[in-house]
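Next come the chains, spelled out residue by residue.
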Amino acid sequence: MAAKIAGNLEGCNVSIIVQQLQGAYERGQLKNALYQYWAQQVPKIFFTSAEVAISTQRTPDAVQSEEKLSRDVLFEPLEWFLCGGNPAAVFQQLQSLNNPPQLCGKVFKVGEPTYSCRDCCADPTCVFCIECFNKSTHKTHRYRMSTSGGGGYCDCGDVEAWKQDPWCDIHKQGLGQQSQNPIEKLPPDIAARAWEVLKIALQYAVDMLLWEQMGGLPQDLEPSVPQNTYVTMLFNDEIHTYEQVINALTKAINCESKEAVEFATVVDREGRSSVRYGNRKSCDEARTVIQKSTSSVRSKPLKVEVMHTSVCAHQAFAQKVLNWLGQVVNHSDGLRHILCTTALQQPPTGDPCVVERLMLADTALWKTARVQCHQIMMGSLLMDQESKKQFSVLYTRNYPQVQKDFMADDHDHGVSIISLSVQIFTVPTLARYLIMEHDLLAIVIRTFLDQCASCRHGRYLLDREKLQKNFRRLQFPLLDLKYVLSMVPDQWNDQLKRKFLNGFKIMVELLTSMQGMDSVTRQVGQHIEMEPEWESAFNLQIKLAPAVAMMAGWCATDKMVLIDAFRIVVKALLEIRGTADTVKMCKRRVCDQEAIVVDYTVSREPVSIHLPICRLLAGLYLQLGKHGLTFNSPELYGPLDWTSPQARLSRASEIAHRASACPTPLVLARSQPPSAMDLLEQPLRTLVMIAQVHAEMWKRNGYSLFHQVYYYHNVRCRAEMQDKDIIMLQVACAQMDPNQFLIALLNKFELMNWIEDVTEKGGSATDVSAESTRDLLRFTNSLVEEFLTFLIIITGERYVPGIGQVSSEDMVRREVIHQLCISPMAHSELSKALPENNNYETGLEGVVHSVASFKKPGVTGMGRYELKPEFYKDYNPFFYHYTRADQSKSEEAQLKRKKQEGESTACPPPELPALSKEFSSLVNVLECDVFVHTIRMVLRRVNSSRSRSWTEAMVHRALHLVGMALNEEKRLYQTSPYIRFNFVKKATEGGSNSLYSALHDLLGKPRIQNHADLLTWVIDRFDEVKDLKDQKQGASDAQKAKKVSSKSKTDAERKKKAEAARKRREKILAQMSDMQKSFIRDNLELFEATGTELSSSPSMEVEGSPMVVPSQYPVAVGPDRSPATHVTLTTSTCILCQEDQEVAAGNKCVVLAAYVQRSTALSKSRGKVLEDPDKYDPLLVSPDLYHGVHTSTCGHVMHADCWQRFYEAIVAREQRRALRFRHILSYEVDRGEFLCPLCETLSNTVIPILPPSSTIQPDSVSADISLSFSDWLDGLKKTVEASQRAMMKEEEDKMESSDDMPVLSPCPLPSITKNMAEMAAQGFQQLFEYMTETGAQAPYSDSVKEMMKLFSRATYTNMLHDPPLPTKFGLGLDPNDDDDRVPITAWGTCAYTIRTLEWLLRDQGKPLFGSLSSRQADCITALVRVVTVSGSLSDPQTISKSALRLLSALLPQEPMKNIPCILDLDMFFTLVFLHVTISSLYCDENTAAGGTIRGVALNDKHLMHLVTAAHLVQILLAANFTSADTPMDTEETAEGSAWVKLFMAVRKEAGVQTPVVPSGWQLQTYVRESVLPFLRCSALFFHCHTGVQSPAQLQESGVSEFEPLCQYLALPADLSSLLLQNSGADVGHVVPHTIHSKWCHYPGIKESLASGPASLVKYPVEVNRLVPLPHDYSDVINRGSVFTCPRSDGDDSRAPTMCLVCGQMLCSQSYCCQTDLEGEPVGACTAHIYTCGAGVGIFLRVRECQILLLTGKTKGCFYPSPYLDDYGEHDQGLRRGNPLYLCQERYRKLQKLWLSHSIPEEVVHFMEANASFATIEWQHL
Ligand SMILES: [Zn+2]
Ligand SMILES: [Zn+2]
Ligand SMILES: [Zn+2]
Ligand SMILES: [Zn+2]
Ligand SMILES: [Zn+2]
Ligand SMILES: [Zn+2]
Ligand SMILES: [Zn+2]
């Protein structure tokens, strides 16, 4: 065997080692041999020098070499030995022996998506991984999506985790395989070696990780040559902040703060980091400094250790060994089983086994070591059924200690061993086994109790301080309790009963200790001095409530258990009550009824809101009925049968328990049934206190009580607080005589005086002198209201199964109805308002469709549910879960609705379901004497004119109660043949003094006008019920007829009223719409259209209206162009001084507020950045448009001087403010930013508004010039030649090479014309001649020029400087003004903005004309005017030089440095630039700025032809056809063949291969499509320039644009005729072949074409879009989870964030990926936007599911994501977990936001509106 191994290992000493190991193994000394080997090798590999020892200096290389060495030297030999052959082959073979896996068990990484099926999961912790989920049937169920916090694994295949379909398709395959002991499947020799190897390795790893002597190693690992090096090891804690650690480190080891940040990052990520390497002394010093500088009064110092490097080395290796073990057992079930057995084997010494040691030492380990230990436990022990059981027994046994350790620890729950609870306790069989055999329930509850309570005199006392400070850590046993209890047992046995009840008793002890917690006494006179702490009791309540409810649920499933539990609770209750001696009783009388009540005054004595024992009893009580028990069943109270085996056992355990722990009085020898009064008293006190709080009697007790009352009622607590108290009162009420019950209530409400005193002399029982009579009256009135509400609730709340005859669906349905009566609601709002069960289910989906209809959302907002109309009748304004706000909102909504529908405004009490048998006597309250008396009294007082002791609210409630009583009587008449309910009878007794006549007396009373409709309803209902009653008694029909008539009379009256109301409403609506219209008229400036449409005279609005389209087809270019008709921006109103201003040369200058930003939105080379701004040539623009400047405006117009004053005021204000405190503004004043004074849109410059060119330059002047295209071309060519010759001569003369760019200088016009034919020369001369007569004087004011300069500067700084240099406004010279590029950048932004708008229109499929917003139209119009004029306002010679450079690119003669070939030129930019500059081509020193030439229009036409021709060649060269095809039946046109001819010619000329020759049709289509964007941009440009209206065809979408565009631009429809002389006829615009040839031979062309299609811009240029997103959001999460931090060696990223522009995933918001930007650390997103988006970015934060918008370094905002759930809602933070799908509409909206360059504007708007955004450090994201 050894020989075979050696043979396979080529020349490596591994074979020798393996041989040695084999030898030692045979001698039985494998451990010694391995330890010796490790002792030698390990210190050589790990922590060998400072470079690899100190964490931050670990270069990837060092890490890699360490990794490789340990692999080669340490693990390789071990694997060869273990396998007895090539490990790769052997492991593969072992894998094939495995049973197909039935469990997935995939361990989740942080951020990985997990799925739970809401229909099928056993509890919400059961999850699938994405692979399993996608292959399971649950995909079609209601599922919940979430991201894993790490830890945890896939439960696929766990039959206990799922109610059905526990297997996905993959893991189903494992079914049916009989399980055989996996070890038996292993080859025996491998198994034998594995037993040894795995044991030694595991033992070693655990020994080393838990090794405590930092100075040296165990003897058997001591190296032969001792070293003397140490490291200072810094450990993580969760107490010190990053900053504190960094600070300490910079002091201790003298490092840069950047390095300290890196250390801190490693410490945080891994749990420890070595920060210094050296001798003992220096390491000790560093430790001392760190400890000193991090200790303070409040916190312990950071943990620091000085460790011998060899210890570190072995610990590092030990971690690797653990990983290795995990990998090895992953290959084979057998090996896994061996490892588990080893780990769980108790050593003969009796010491704990390895697993137990790790459990107990968990908190002593550092973070990564812990996590590795947990992972190997999950990967081995928890994957093996038998081992899992043993492990859980160990875990249970050590549970108290482990929890205690966790309490003392400071690390998060996620890195503690207690996070494994969920893996064990959620397995129902396991949990049940642990309860039965190991008393799990008792252990868990007692562990909790021991942590937070002390035991005194047999009762537990909660430790407030612990609860308050440590609840976050304390709560985990309660969570575990929830897991343990989550599955109700379907079968009980004696042992389970016994152990459960044992746990239940301890729970009751815990609850007893809470009963009466935080009791309060009403404060009179003085306000309390200190707000008492109340949160801890509520925290406890919230965490405990689910477990208590579940325990009650368990009890309900077994009669015996229920009985025993009931007894335990009753006993506890009676003990709390105390003996009869301590309870004072007294007698009370109301209208001849007498009752003995407890004498306890809530307003004077302490009352608590915490009554968990009473509430538990109420919970159990509702279960009694299921087992045929009632409150008085003798089983519940009779003597306990202590002779049953069960009882004996439980007594034995009690005795044992008493001996061991706190003595618990558990003797249940005989218990008394508690009296109804006992049940009633405690909850009643609490409810009365709350009523008094509502009555504002407890105001002086402060906010603390206010908060408690709030939570008592809140949806999170009410099920186990308020609801249970109400149930308890209903229980008591059902047991009692109704009169006595009411007297007890009146007494407790302190209304005895009120009810007795008919003459209204007295007040409430609270006769404290400090309270004024007015207060007393107010309190009493409020208390009466509360009391009446209370009666409505007690008798009316029947939607609890057990009380009313309802199902739990009915209960949810009623909640939903009442929520929707407030307003229509989104799904999430509704779910939030409903209580969740333990599976986080509200039951909403099951019922909502039966009562509501869903309205889908639009592009914004959420989908909403609306109540179906037929359910409005179920509305009850006194619904007990309404807050006061809910109540008034719902009443308002219902009132409004009813008025609109012309219905009666009464909201009568809804019809109620019948009560269950047990509670049927509840209704008797509604007919008892005290009730009738009380109501009558309320109504009488309303009637009495002088009475002050009545309120509208009282009347409302009284009427409601009467209605309820009538409903009840009616229902009983209809359902039962015999009734005892006599409300009608009692209410009519007493003649004029009766309740009935009191009701009638109220009719028409103005003081109850608001409830008049309800009163009518009540009286009608009264009569109706009376009739029913009479019918039963056979009364006459005549009476009935009378009644009906009175009823119909009121109906008719109501209808009349409703009709009148409707008319009134309509009138008001009409008035309002009138007002609105006139408002818009009066305040037109305020609307977006400001300053634009204002000036358009009616004739200018011809666009789009076909009637007025002139017969002549509009042409915008050339001497024959149509007259200007569409002229905008001619008059405006200054938003600052409100004066109107006509725009004309020489007038006061007006400006538009504008925002200029650099942009890469149009880039076709994403990621390419401007490298050297100093060398950037903005004139010759590359067609990939990788860098540009975009301009936008809000369209608001100001006088230039008004604006300047405004801006200076902002600057001054900001300077003053900066002195005092640094206020964070959403805009940066020092970058020239300001907000538009009207609409607050972000701006950073202004655009001057110039008069339209048609008003300055009459069209007529150029009409008479005639110069053919070829002559024009010839002249220009000659010009370029001459300039080049002159330049080269100059170069030669200089005879020295200079770095300066050779400059072309213009040559005088005569020197060109002299070589031309006479006619041509004359035309040429005329064309370029300066007009002296009109142009001598510049028509523009200085102010206009100044503003133009200002705008140019803004574009210049934004283009070339980032961040843009601070711009100085106003007068004064800017240092950059000398740069010739300043004006060019302004022309560039014009072209760039037009290109952007063209894209936007194309992207949205809108027509070219008529669909721009007025803002956009104003923007480009103003820009085009500025640009076209700017040529004549700058230095003519500079302009002329620019013209020459452009021409030498377009009409190349000699190749020149810095002049690119035509492939590298954007033709639209070139067209715009030439249009601006060509007029100045022949100017000289004598030409004054501001002059102009005559031939502008003709130049435009020729230019258009030339540039288009160049573009066509560009397109032909860049074409890349992969196949040639012609559709059937298409004849080759002349144009088509011309294109083929041209295509072949230019490509041949350029020397490119043409593998595929396309058909003529194909080529023609391609060319037309490709040239279209250029034509569209040109049309927009000339439209704005000339004001010639656009052709009607271009104002509709979906029509062919090509021909209309050509015509509008004076181009031939057959564009091939620009390049090729067709059919012999000279059409006068052919670019001759010589020029094609120059183009094609120009240097650079070949290279560009050879580099392949990837690097060339593809035509037609497509619109850039945000990256496509997957439809299902879980795919996004998955992409985020596989993404690892690029800087941390494969670690997960905490905040993976996707750039939506380029799709790159980034590790955001984390120190690890911070980089420097201009000397400041910034997060990955901020860094990215400077390469990807020119400082603007749009991201998707994957974990949060939200959009992040960033602009610059300091600004940003969050934005809802475009992913929506089925309810049309987004889910920020994935809190709800509904499946999310991409909403294309919303994503398109984001796309538009981005492409229209509106992100900076949007961010500022958001920041202005949302103060919290200003505090976020956006640069760190
Ligand atoms: Zn799975
Ligand atoms: Zn699966
Ligand atoms: Zn399912
Ligand atoms: Zn003004
Ligand atoms: Zn504005
Ligand atoms: Zn990172
Ligand atoms: Zn990007």
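Residues numbered from 1 in each chain as written. Chains lettered and ligands numbered in written order. Predicted model: local features only at pLDDT ≥ 70, side-chain atom pairs only at ≥ 80, totals over all residues. Heavy atoms only, no water.

Caption draft 1: Fine view of the overall build of the protein chain. When its secondary structure is counted, the protein chain shows 65 helices and 27 strands. Here the analysis covers contacts within the protein chain between residues at least 6 apart in sequence; of these, 78% occur between residues at least 24 apart. Roughly 76800 Å² of accessible area belongs to the protein chain as shown, and the carbon and sulfur atoms make up 51% of that amount. (Helix = DSSP H or I, 4+ residues; strand = E, 2+ residues; numbered from the N terminus. Contact = heavy atoms within 4.5 Å. Areas by Shrake-Rupley, 256 points an atom, 1.4 Å probe, with all protein chains shown as cover.)

Caption draft 2: Looking closely at the coordination of the zinc ion (ligand 5). Coordination of the zinc ion (ligand 5) by the protein is provided by C1194 (SG), H1196 (ND1), C1236 (SG) and C1239 (SG), with metal-donor distances spanning 1.8 to 2.3 Å. Coordination at the zinc ion (ligand 5) is tetrahedral: its 4 donor atoms span angles of 108 to 111 degrees at the metal. When the donors of the zinc ion (ligand 5) are listed by position in the chain, the intervening gaps give C-x1-H-x39-C-x2-C. Separated by 42 residues along the polypeptide, C1194 in strand β15 (residues 1188-1199) and C1236 in the loop between β16 (1234-1235) and β17 (1242-1243) bring together distant segments of the chain. (Donors = N, O, S within 2.8 Å, 3.2 Å for Na, K, Ca; no water. Tetrahedral: all angles 85-135°; square planar, octahedral: opposite > 155°, others 65-115°.)

Caption draft 3: Spotlight on the confidence of the model for the protein chain. On average, the protein chain scores 83 in pLDDT, and the residues at 70 or more come to 86%. In the model of the protein chain, helix α1 (residues 2-8) stands out as the element of lowest mean pLDDT, 38, in contrast to strand β23 (residues 1736-1741), which has the highest, 95. Confidence drops under a pLDDT of 50 for residues 1038-1045, and excluding neighbours within four residues, the segment shows 5 contacts in the predicted structure. Taken together, the stretch residues 1364-1373 has pLDDT below 50 and engages in 22 contacts with residues farther than four places along the chain or on a different chain. (pLDDT = per-residue confidence, 0-100.)

Caption draft 4: Spatial organisation of the side chain of D480. By secondary structure assignment, the location of D480 is in helix α24 (residues 476-485). Here D480 is buried and forms no salt bridge, its nearest opposite-charge partner K482 lying at an N-O distance of 10 Å. The contacts of D480, once residues within four sequence positions are left out, are Y399, Q403, S421, F425 and V444. (Buried < 20%, exposed > 50% of the residue type's maximum accessible area, 1.4 Å probe, protein only. Lys, Arg positive; Asp, Glu negative; His and termini not counted. Salt bridge = Lys/Arg side-chain N within 4 Å of Asp/Glu carboxyl O.)

Caption draft 5: Looking closely at the coordination of the zinc ion (ligand 7). Note on the zinc ion (ligand 7): its protein donors are C1699 (SG), C1702 (SG), H1728 (NE2) and C1732 (SG). The metal-donor distances range over 2.0 to 2.3 Å. Because the angles between the 4 donor atoms bound to the zinc ion (ligand 7) fall within 104 to 116 degrees, the donor set is best described as tetrahedral. Of note, the zinc ion (ligand 7) draws all its donor residues from one chain, in the sequence arrangement C-x2-C-x25-H-x3-C. Of this pair, C1702 sits in the loop between β19 (1696-1699) and β20 (1705-1707) while C1732 sits in helix α63 (residues 1724-1732), placing them 30 residues apart in sequence. Residue C1702 is classed as partly exposed on the basis of its relative accessible area, which comes to 30%. Look at C1732 and you get buried, because its relative accessible area is 4%.

Caption draft 6: Quick peek at the nonpolar core. In this structure, W38, F500, F504 and F983 are the most contacted members of the largest nonpolar core, which totals 304 residues. Among the elements that make up this core, the one with the highest residue count is helix α10 (residues 188-209) (13 residues). If we skip the residues at most four places from it in the chain, W38 touches P43, L74, L78, I200, A201, Y204, L221, H314 and F317. Residues W162, L1162, L1235 and Y1673 belong to the second largest nonpolar core, which totals 252 residues. (Core = buried A, V, L, I, M, F, W, Y, C linked by side-chain atoms within 4.5 Å.)

Caption draft 7: How the structure looks around the environment of K1792. For K1792, the position within the fold is in helix α64 (residues 1784-1795). K1792 sits in the partly exposed class, given a relative accessible area of 41%. Residues K1792 and L1666 lie 126 residues apart in sequence; the distance between their C-alpha atoms is 9.5 Å. K1792 has contacts with L1400 and Q1404, leaving out every residue within four places of it along the chain.

Caption draft 8: How the structure looks around the packing of helix α55 (residues 1467-1477) against helix α58 (residues 1560-1586). Where α55 meets α58, the closest approach of the two axes is 9 Å, and the angle between their N-to-C directions is 25 degrees. Relative to α58, the element α55 is oriented roughly parallel. For the element pair α55 and α58, the recorded crossing hand is right-handed. In contact with M1467, F1468, L1471, V1472 and H1475 of α55, α58 contributes F1574, C1577, S1578, F1581, F1582 and H1585. Of the residues contributing to the contact of α55 with α58, the split by class is 8 nonpolar, 3 polar and no charged. (Axes fitted to C-alpha atoms, helices over the stretch in contact; angles between N-to-C directions. Parallel < 35°, antiparallel > 145°, perpendicular 65-115°, else oblique. Left-handed = near helix turned anticlockwise from the far one by under 90°. Nonpolar A, V, L, I, M, F, W, Y, C, P; charged D, E, K, R; others polar.)

Caption draft 9: Here's a closer look at the pairing of strand β3 (residues 230-235). In terms of burial, β3 is a largely internal element, 6 of the 6 residues being buried. With 6 bridges connecting them, β3 and strand β4 (residues 272-278) associate as antiparallel partners. Residue pairing in the sheet places L234 in a bridge with S273 of β4. Bridge count for β3 against strand β5 (residues 304-308) is 5 bridges, and the pairing is antiparallel. When the bridges of β5 are listed, L234 appears paired with V304. (Pairing = 2+ DSSP bridges.)

Caption draft 10: Layout of the pattern of salt bridges. This model, assessed by the stated rule, comprises 71 salt bridges. With its nearest N and O atoms 3.9 Å apart, the salt bridge here joins D599 to K584. Residue D599 is located in the loop between β9 (593-598) and α28 (612-624), and its partner K584 is located in the loop between α27 (559-577) and β8 (585-590); the two are separated by 15 residues in the primary sequence. Of the charged contacts in the structure, one is a salt bridge between R685 and E681, with a shortest N-O distance of 2.8 Å. Here E681 and R685 lie together in helix α30 (residues 676-694), a separation of 4 residues that amounts to about one turn. One connected set of salt bridges, linked through shared partners, spans R118, D119, R142, R144, E841 and E845.

Caption draft 11: Structural view of the state of the cysteines. For the structure on display, the rule yields 0 disulfides. Just so you know, C591 is unpaired, no disulfide at all, and the nearest cysteine sulfur is the one on C928, 8.1 Å from it. (Disulfide = S-S within 2.5 Å.)

Caption draft 12: Spotlight on the sheet that holds β5. Read across the sheet, 3 strands follow the order β4-β3-β5 without closing on themselves; strand pairing throughout is antiparallel. Among the strands making up the open sheet, the edge pair consists of β4 and β5. In this sheet, neighbouring strand axes are inclined to one another by 30 degrees on average, regardless of whether the strands run parallel or antiparallel. Sitting on the sheet, helix α11 (residues 242-253) is in contact with β3 and β4, with an inclination near 10 degrees to β4. Each of β3 and β4 touches helix α12 (residues 257-270); the most contacted strand, β4, lies at about 135 degrees to it.

Caption draft 13: Inspection of the packing of aromatic side chains at higher detail. In total, this model carries 61 aromatic pairs according to the counting rule given. Consider the rings of F1269 and W1272, whose centres lie 5.9 Å apart with planes at 20 degrees: the pair is stacked. Note that F1269 and W1272 are positioned in helix α48 (residues 1269-1294) at a spacing of 3 residues, about one turn of the helix. In textbook terms, an aromatic cluster arises when at least three aromatic residues are bridged by ring pairs, as seen for Y35, W38, F46, F75, Y204, F317 and W324. The ring of W366 carries the charged tip of R272 above its face, separated from the ring centre by 3.5 Å. (Phe/Tyr/Trp six-rings, centres within 6.5 Å; stacked < 30°, edge-to-face > 60°. Lys NZ or Arg CZ within 6 Å of the ring centre and 35° of its normal.)

Caption draft 14: Focus on the environment of K303. Note that K303 resides in the loop between α13 (280-294) and β5. You can call K303 partly exposed: its relative accessible area is 41%. Along the primary structure K303 and R272 are separated by 31 residues, whereas in three dimensions their C-alpha atoms are 9.4 Å apart. The contact partners of K303, leaving out residues within four places of it in the chain, are M233, L234, F235 and A364.

Caption draft 15: How the structure looks around the packing of helix α2 (residues 14-27) against helix α3 (residues 30-45). Contact geometry of α2 with α3 gives a least axis separation of 7 Å together with a crossing angle of 145 degrees. On α3, the residues touching I17, L21, A24 and Y25 of α2 are L30, A33, L34 and Y37. Looking at side-chain class alone, the contact of α2 with α3 contains 8 nonpolar, no polar and no charged residues.

Caption draft 16: Seen up close, α58. Across its 27 residues, α58 extends 36 Å between first and last C-alpha, which sits within 8% of the 39 Å expected from 1.5 Å per residue. Along α58, the helix axis deviates most sharply at L1572, where the bend reaches about 35 degrees; the proline P1573 sits within four residues downstream. Of all 27 residues that make up α58, 23 are buried, and the element is covered over most of its length. Immediately beyond the C-terminal end of α58, within one or two residues, lies G1587, with a positive phi of roughly 75 degrees. (Expected span 1.5 Å × (residues − 1). Bend = angle between axes of the 7 residues up to and from the residue.)

Caption draft 17: Focus on the pairing of β23. For β23, a buried count of 6 out of 6 residues is recorded, marking the element as mostly surrounded by other parts of the structure. Residues of β23 alternate between two faces, with V1736, I1738 and L1740 on one and G1737, F1739 and R1741 on the opposite face, all of them buried. As defined by bridge partners, β19 adjoins β23 across 3 bridges and the pair is classed as antiparallel. Looking at β23, one finds that M1698 is bridged to L1740. Inspection of the sheet shows β23 paired to strand β24 (residues 1746-1751) by 6 bridges, in the antiparallel sense. Bridging from a neighbouring strand, V1736 pairs with T1751 of β24. What sits between the antiparallel neighbours β23 and β24 is a turn of 4 residues, in which C1745 has the positive phi angle 55 degrees.

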